[in-house]
Structure formats: C-alpha cells, structure tokens
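# Close look at the chain arrangement
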Amino acid sequence: MSAKNPLRVLCLHGYRQNAVSFREKTGALRKLLKNRVDLVYVTAPLEVPSQIDADNPQESGKPPAPSGESPRGWWFSDTEQRSFNAGQECEASLGLEESVEVVRSAVREQGPFEGILGFSQGAALVAMLLAMQEQGHEPDLAFRFAVIVSGFRSACAQHARFYSDPVVMPTLHVFGEEDAVIPIHMSRDLLTVFKEPTILTHTGGHFVPAASAHKPVYLNFIQRFQK
C-alpha cells in the first residue's frame with residue numbers, strides 16, 4: 001500500500017486516559033506502522049472522578065497529564081461511586097450507551113475506518129462493538145478488523161449478551177505476560193469469544209508494545225486488509 005492510502009484505524013484509549021494521552025503513549029506504534037496505518041484517536045465521554053482506581057493503580061493519585069483533557073472512561077462498573085474495576089462483577093453499568101454514541105459519531109464524522117484498536121478498557125469496548133456490528137445492531141459500524149491490546153471480558157451481567165455468539169471478524173490480540181492491571185488470564189479468556197484470533201504476546205506489562213521484534217506480527221496482520 002502506498003503512503004497516500006494508509007489503513008485508517010479508530011483508537012480507543014484505556015481507563016483514566018484520553019485521546020491526547022493515548023496518542024502520546026502509542027508514539028512508538030505510530031512510528032512502527034508509519035505510512036501503513038493512520039491512527040485516529042477519540043476521547044471517552046465519562047469524566048473519571050479523582051480517586052483511586054483499581055484498573056490502573058499506577059496512575060492513581062497522579063494529576064492528569066497536561067493534555068487539556070481530563071482522565072476519561074468508557075463505562076463505570078460501580079454506578080454509585082462512578083468508578084471502574086475490570087474484575088468487579090455488577091448487574092448494570094453506567095455510560096456504555098454514551099460511549100457507543102461517541103464511536104458512532106466518530107465513524108460518521110471522521111470515517112470511514114477499516115479497523116479499530118482498543119487498549120485495556122477501550123479494548124474491552126472494542127470486543128463489544130464487534131459483537132454489536134456482527135449482530136446487526138449498529139449499522140454505522142463497518143470495521144474489517146480489530147486490534148485488541150490488554151483486552152478482557154466485561155464482568156457486568158448487562159454485557160453478557162455481547163459474548164453469546166462467536167465473533168468472526170479478524171482480530172489481533174496483544175497482551176503482556178507481566179501485566180499486573182489486566183492479568184494475562186483475563187485476556188486469554190476473551191480469546192474464546194473470537195473464532196480465529198491472531199495472538200501477539202510480549203514479556204512486558206500494561207502497555208501497547210511496539211518493539212522491532214513485534215513489527216512482523218503487526219504487519220502480517222494488517223497487510224491482509226490492504227487493497
């Protein structure tokens with residue numbers, strides 16, 4: 001594919017991040033995929049209160065990055081405290097519909113997008129969005145592939161419907177052996193929802209890996225969708 005026509009990929013950040021901070025954290029990935037992929041970042045609609053959050057303990061208590069945007073989330077597992085923990089079981093969540101509307105709007109206003117990438121809570125949302133698309137519930141969505149980094153199944157009972165049918169869309173799942181935020185067993189559990197997932201594991205923790213050793217896996221995956 002020529003540099004003039006890179007694949008356009010919508011990017012969903014993790015909990016307590018935003019579009020600006022996630023773009024900064026994925027600078028190495030953008031460099032790795034330069035001229036092949038155009039990463040477009042959007043910010044989640046839910047402002048995260050200043051408190052300790054179990055999904056991202058290394059960020060707890062720190063002031064927000066000087067990006068002009070506050071820390072955001074895609075949904076809250078604790079609707080009263082307006083907080084999120086990836087392992088927290090709950091009957092109902094808060095904010096998912098608003099987040100789906102953010103993605104719809106991004107597709108309408110900035111699309112089309114060939115793919116979608118998500119990290120941590122954003123990756124969990126990507127998995128649900130793919131299910132919505134394949135179940136015919138989201139006519140605005142027409143993604144051809146997805147990259148899911150440090151993903152997991154939502155523990156909210158309200159979201160169980162997204163895991164009832166296998167997702168056939170091609171997906172690349174990336175997770176770290178030393179991830180202390182989303183342990184590797186949670187990411188492996190999500191794999192069972194997908195019919196033929198491609199897997200990239202790395203020896204690190206909770207981040208988007210982009211070392212030269214990872215480049216062949218990323219390129220072999222995205223080249224399948226280049227025209």
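The structure contained in this document is the topic of the report that follows. Because the structure is a prediction, the values reported are computed rather than measured.

What counts and what doesn't
Residues numbered from 1 in each chain as written. Predicted model: local features only at pLDDT ≥ 70, side-chain atom pairs only at ≥ 80, totals over all residues. Heavy atoms only, no water. Helix = DSSP H or I, 4+ residues; strand = E, 2+ residues; numbered from the N terminus. Rg over C-alpha atoms; globule rule 2.2 N^0.38 Å. Buried < 20%, exposed > 50% of the residue type's maximum accessible area, 1.4 Å probe, protein only. Contact = heavy atoms within 4.5 Å. Core = buried A, V, L, I, M, F, W, Y, C linked by side-chain atoms within 4.5 Å. Polar contact = N/O pair within 3.5 Å; in protein donor to acceptor, adjacent residues only side chain to side chain. Pairing = 2+ DSSP bridges. Axes fitted to C-alpha atoms, helices over the stretch in contact; angles between N-to-C directions. Parallel < 35°, antiparallel > 145°, perpendicular 65-115°, else oblique. Nonpolar A, V, L, I, M, F, W, Y, C, P; charged D, E, K, R; others polar.

A word on the overall build of the protein. The helix and strand tally for the protein stands at 6 helices and 8 strands. Its C-alpha atoms give the protein a radius of gyration of 16 Å, within 12% of the compact-globule value 17 Å for 227 residues. Here the C-alpha coordinates of the protein stretch approximately 50 × 40 × 35 Å along the principal axes. Taking all 227 residues of the protein together, the buried fraction comes to 53%. Sequence-distant contacts, at least 24 apart, represent 81% of the contacts inside the protein between residues at least 6 apart.

This next bit is on the nonpolar core. In this structure, Leu10, Leu12, Trp75, Ile116, Leu129 and Phe143 are the most contacted members of the largest nonpolar core, which totals 45 residues. Of all the secondary-structure elements, those providing two or more residues to this core are β1 (7–12), β2 (37–42), α3 (96–110), α4 (121–134), β6 (145–149) and α5 (184–191). No other element matches the 10 residues that α4 contributes to this core. Setting aside residues no more than four positions away along its own chain, Leu12 makes contact with Phe22, Val42, Trp74, Val103, Ile116, Leu117, Gly118, Phe119, Gly122, Leu125, Val126 and Leu129. By size, the runner-up hydrophobic cluster in this structure holds 26 residues, among which are Phe22, Phe119, Phe145 and Phe225.

Assignment of secondary structure puts Trp74 in the loop between β4 (72–73) and α3. Sequence-wise, Trp74 and Arg188 are 114 residues apart; in three dimensions their C-alpha atoms are separated by 22 Å. For Trp74, the side chain forms a polar contact with the main-chain oxygen of His13, separated by 2.8 Å.

A few words now on the pairing of β6. Of all 5 residues in β6, 5 are buried; the element is thus mostly enclosed. What you see with β6 is no split at all: Phe145, Val147 and Val149 on one side and Ala146 and Ile148 on the other are buried throughout. Direction of pairing for strand β5 (residues 115–119) relative to β6: parallel, over a ladder of 5 bridges. Considered in β6, the bridge of Gly118 is made with Ile148. Pairing geometry for β6 and strand β7 (residues 171–176), over 4 bridges, is parallel. Across the sheet, Ala146 pairs through a bridge with Thr171, a residue of β7.

Take Glu114: it is sitting in the loop between α3 and β5. If we skip the residues at most four places from it in the chain, Glu114 touches Leu7, Arg8, Phe143, Arg144 and Phe145.

Remark: α3 packs on α4, axes separated minimally by 12 Å, with the N-to-C direction vectors making an angle of 75 degrees. Put simply, α3 runs roughly perpendicular to α4. Facing α3, whose interface residues are Leu96, Ser99, Val100 and Val103, α4 presents Leu125, Met128, Leu129 and Met132. Of the residues assigned to the contact of α3 with α4, the class counts are 7 nonpolar, 1 polar and no charged.

Moving on: unusual backbone geometry. Between Gly111 and Pro112 the backbone carries a cis peptide bond, its omega angle lying at 5 degrees. Among the secondary structure elements, Pro112 is positioned in the loop between α3 and β5. Backbone geometry at Arg16 places phi at a positive 70 degrees, although glycine is not the residue there. As for its placement among the helices and strands, Arg16 is situated in the loop between β1 and α1 (19–25). Residues other than glycine seldom take positive phi values, yet Ser120 does so here, at roughly 60 degrees.

Assignment of secondary structure puts His13 in the loop between β1 and α1. Of note is the side chain of His13, whose polar atom sits 3.5 Å from the backbone oxygen of Gln17. Not counting the four nearest positions on each side in its chain, His13 is found in contact with Asn18, Ala19, Phe22, Val42, Thr43, Ala44, Arg72, Trp74, Phe119, Gln121 and Gly122.

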